[in-house]
Amino acid sequence: LEDFNALHGKKLILTGGEPLLHPQLEEILKIADGNEHTTKISTNGYLINHPRFAFVLDYDIGFRVSLDGAKSAHNVIRGNPFAYDALVSAMKKMSEKDRQIVIRTTVMRQNASSIVDMLYDLNRMTKEDGLKIYSNNIWPVRNIGKACNGLMLSPSEYKKFLTLYEQVLTAR
């Protein structure tokens, strides 16, 4: 990290697994704090709600969070019936501290039909709950890593998704 700072790096993104579980996270954030670069943590948001990790919100950092669709789809994909509520709670805490939130969504067969509802929910929460979402990045799953062809949308499914997505954007 000292080398990154010495070379005037512009953007530091802490990823994982779950970077909040790194045993030296607080030391890393102390070193990253106050430098010329922006720092972001890529997280599922679940641990932000635990008091042990409250210190993370004291640093001037942004967050990239994974949101996999509307509540039911997100919970099924994450294998946790509380994942969506925990993420929303974490995003509220981030917003209260004026932290930048970038939402990342990977579209796949499991969640394509729920993305429109997710976007409407986010729009509502932005207005009613004061969520401060900087951007929402949505892209299709690719056949890399843990992904497989069975998760990927066919060209016709993807075209249908894009049509619905465009309608939501136009309606805003």
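Let me begin by describing the structure that accompanies this report. (Residues numbered from 1 in each chain as written. Predicted model: local features only at pLDDT ≥ 70, side-chain atom pairs only at ≥ 80, totals over all residues. Heavy atoms only, no water.)

## A closer look at the sheet that holds strand E5 (residues 133-140)
Where strands meet in a sheet, backbone hydrogen bonds hold them as pairs that are either parallel or antiparallel. Overall, parallel pairing links the five strands, which are arranged E1-E2-E3-E4-E5 in an open sheet. In the strand order of this sheet, the two ends are held by strand E1 (11-14) and E5, each with one partner. Looking at each pair of strands side by side, their axes are set apart by 20 degrees on average, direction ignored. Sheet analysis places E1 next to strand E2 (residues 38-43), joined by four bridges and oriented parallel. Following the sheet pairing, isoleucine 13 is matched in E2 by lysine 40. (Pairing = 2+ DSSP bridges. Helix = DSSP H or I, 4+ residues; strand = E, 2+ residues; numbered from the N terminus. Axes fitted to C-alpha atoms, helices over the stretch in contact; angles between N-to-C directions.)

## Describing the environment of serine 72
In this structure, serine 72 sits in helix H3 (residues 71-78). For serine 72, a relative accessible area of 55% puts it in the exposed group. It is 17 Å that separates the C-alpha atoms of serine 72 and glycine 45, two residues lying 27 residues apart in sequence. (Buried < 20%, exposed > 50% of the residue type's maximum accessible area, 1.4 Å probe, protein only.)

## A word on the packing of aromatic side chains
For the structure shown, the criterion picks out two aromatic pairs. Ring plane angle 10 degrees and centroid distance 5.9 Å describe the contact between phenylalanine 161 and tyrosine 165, whose orientation is recorded as stacked. With phenylalanine 161 and tyrosine 165 both in helix H6 (residues 155-171), this residue pair falls four residues apart, about one helical turn. Overall, phenylalanine 161 belongs to the buried group, its relative accessible area being 5%. An aromatic cluster is built from Tyr158, Phe161 and Tyr165, whose rings are joined through pairwise contacts. (Phe/Tyr/Trp six-rings, centres within 6.5 Å; stacked < 30°, edge-to-face > 60°.)

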